Amino acid sequence: MAYNVAFILGLYGIYEYTRGLVHPNSSVALSHAHAVWSWETTHGLFVEPAWQQFWLTKAHILGWLTPERVEDFLDTGYLYVHFIGTIIFLFWLYFRRKRYFAIVRNIFFATTSIALATYILYPLAPPRLATNLFYDNHRYTFIDPLGKVLGTLPQSAQFGYNPYAAMPSLHFGWALIIGCTLFLTVRNWPVRILGLCYPFFMLSVIVISGNHFFADAIGSAIVVLFSSSVVVFAHSLRGTLP
């Protein structure tokens with residue numbers, strides 16, 4: 001057990017440290033952001049501003065769910081649920097579904113490794129840092145709830161911080177792994193449904209907060225699918241499939 005915990009925490013630590021070593025080339029990252037925006041606009045996918053405007057400026061129509069409370073909810077989901085939820089899930093998986101632990105752990109490892117390589121090869125500015133993006137024939141500036149919490153200086157000094165490591169989104173990628181694992185390994189239907197909902201929850205968090213394009217989530221899904229295929233194939237060759 002100690003080995004597996006150390007492996008997961010070590011992987012995340014290496015990922016954060018190495019990601020911070022990647023030189024944040026803002027001009028290239030912003031150029032890539034415009035390319036992603038253009039692709040989404042062409043395919044009718046650039047609706048992030050509509051999501052953000054509804055939840056962060058009009059959510060008061062739902063009564064108690066004010067924009068301020070939505071921002072707090074987004075900050076909690078992005079900063080804490082992502083990491084703490086993943087750790088809790090891995091502990092649960094080890095103790096309650098141990099025969100699946102190795103394969104799921106390796107999918108996490110492969111997904112995170114590919115994500116790191118992509119951050120180096122394709123730096124991408126998140127929507128909240130991108131400029132000159134147009135929505136509905138108007139220039140749109142994304143609201144930045146996370147920036148209000150961290151502030152410019154503390155965020156820049158954060159360990160492993162790289163503002164241009166957006167493609168793919170590990171928030172969504174890890175949530176997708178967790179959700180699919182719960183759905184496939186648990187018999188209790190409420191828990192299975194909860195597992196299916198978790199990736200959609202995280203998708204809402206990363207999009208409404210302006211931290212990711214929808215394209216980042218699509219990229220994550222592709223990476224997870226590829227990683228899962230490679231890991232499952234490797235385990236089948238060794239005869240270690242659960």
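Residues numbered from 1 in each chain as written. Predicted model: local features only at pLDDT ≥ 70, side-chain atom pairs only at ≥ 80, totals over all residues. Heavy atoms only, no water.

Draft legend 1. Highlighting the packing of helix H4 (residues 67–96) against helix H5 (residues 101–121). Their axes nearest at 9 Å, the elements H4 and H5 cross at an angle of 155°. Classified by the angle their axes make, H4 and H5 are roughly antiparallel. The crossing of H4 and H5 is left-handed. On H5, the residues that touch Thr86, Phe89, Leu90, Leu93 and Tyr94 of H4 are Phe101, Val104 and Phe108. Of the residues assigned to the contact of H4 with H5, the class counts are seven nonpolar, one polar and no charged. (Axes fitted to C-alpha atoms, helices over the stretch in contact; angles between N-to-C directions. Helix = DSSP H or I, 4+ residues; strand = E, 2+ residues; numbered from the N terminus. Parallel < 35°, antiparallel > 145°, perpendicular 65-115°, else oblique. Left-handed = near helix turned anticlockwise from the far one by under 90°. Contact = heavy atoms within 4.5 Å. Nonpolar A, V, L, I, M, F, W, Y, C, P; charged D, E, K, R; others polar.)

Draft legend 2. Just the environment of Leu146, in detail. Looking at where Leu146 falls in the secondary structure, it is placed in helix H6 (residues 145–150). Along the chain, Leu146 and Tyr78 lie 68 residues apart, while their C-alpha atoms are 8.4 Å from each other.

Draft legend 3. The arrangement of the confidence of the model for the protein in detail. The predicted model of the protein averages 84 in pLDDT, with 82% of residues at 70 or higher. Per-element averaging of pLDDT across the protein places helix H7 (residues 152–156) at the bottom with 42 and helix H10 (residues 214–238) at the top with 96. In the predicted structure, residues 152–160 sits below a pLDDT of 50 and forms twelve contacts with residues beyond four places in sequence or in another chain. (pLDDT = per-residue confidence, 0-100.)

Draft legend 4. Structural view of helix H9 (residues 189–208). Helix length check: H9 (20 residues) gives 28 Å between terminal C-alpha atoms against 28 Å at 1.5 Å per residue, within 8%. Remark: the principal bend of H9, roughly 25°, maps to Cys197, with a proline, Pro199, within the next four residues. Along H9, the positions that sit buried rather than exposed are Arg192, Gly195, Tyr198, Pro199, Met202, Leu203, Val205, Ile206, Val207 and Ile208. Packed against the buried residues of H9 are helix H3 (48–57), H4, helix H8 (170–185) and H10. Positive backbone phi, at 80°, marks Gly210, one or two positions downstream of H9. (Expected span 1.5 Å × (residues − 1). Bend = angle between axes of the 7 residues up to and from the residue. Buried < 20%, exposed > 50% of the residue type's maximum accessible area, 1.4 Å probe, protein only.)

Draft legend 5. Representation of the pattern of salt bridges. Tallying each qualifying case throughout the model produces one salt bridge. Residue Arg128 is joined to Asp144 by a salt bridge in which the shortest nitrogen-to-oxygen separation is 3.1 Å. Taken together, the residues Arg128 in the loop between H5 and strand E1 (133–135) and Asp144 in the loop between strand E2 (138–140) and H6 connect sequence positions 16 residues apart. A single burial state applies to Arg128 and to Asp144, both of which are buried. (Salt bridge = Lys/Arg side-chain N within 4 Å of Asp/Glu carboxyl O.)

Draft legend 6. Just the side chain of His212, in detail. Considering the arrangement of structural elements, one finds His212 in the loop between H9 and H10. Within polar-contact distance, the side chain of His212 engages the side chain of Asp216 at 3.1 Å. Aside from chain neighbours lying at most four places away, what touches His212 is Glu48, Tyr78, Pro127, Ala166, Ser169, Ile206 and Val207. (Polar contact = N/O pair within 3.5 Å; in protein donor to acceptor, adjacent residues only side chain to side chain.)

Draft legend 7. Inspection of the nonpolar core at higher detail. Among the nonpolar cores identified, the biggest contains 40 residues, and Phe89, Val104, Phe108, Leu203 and Ile206 are the most heavily contacted of them. Those elements that provide at least two residues to this core are H4, H5, H8, H9 and H10. What Phe89 contacts, discounting residues up to four positions off in sequence, is Val104, Phe108, Ile178, Thr181 and Leu182. Formed by 16 residues, the second largest nonpolar core is a distinct cluster that contains Val36, Ala125, Tyr140 and Tyr164. (Core = buried A, V, L, I, M, F, W, Y, C linked by side-chain atoms within 4.5 Å.)

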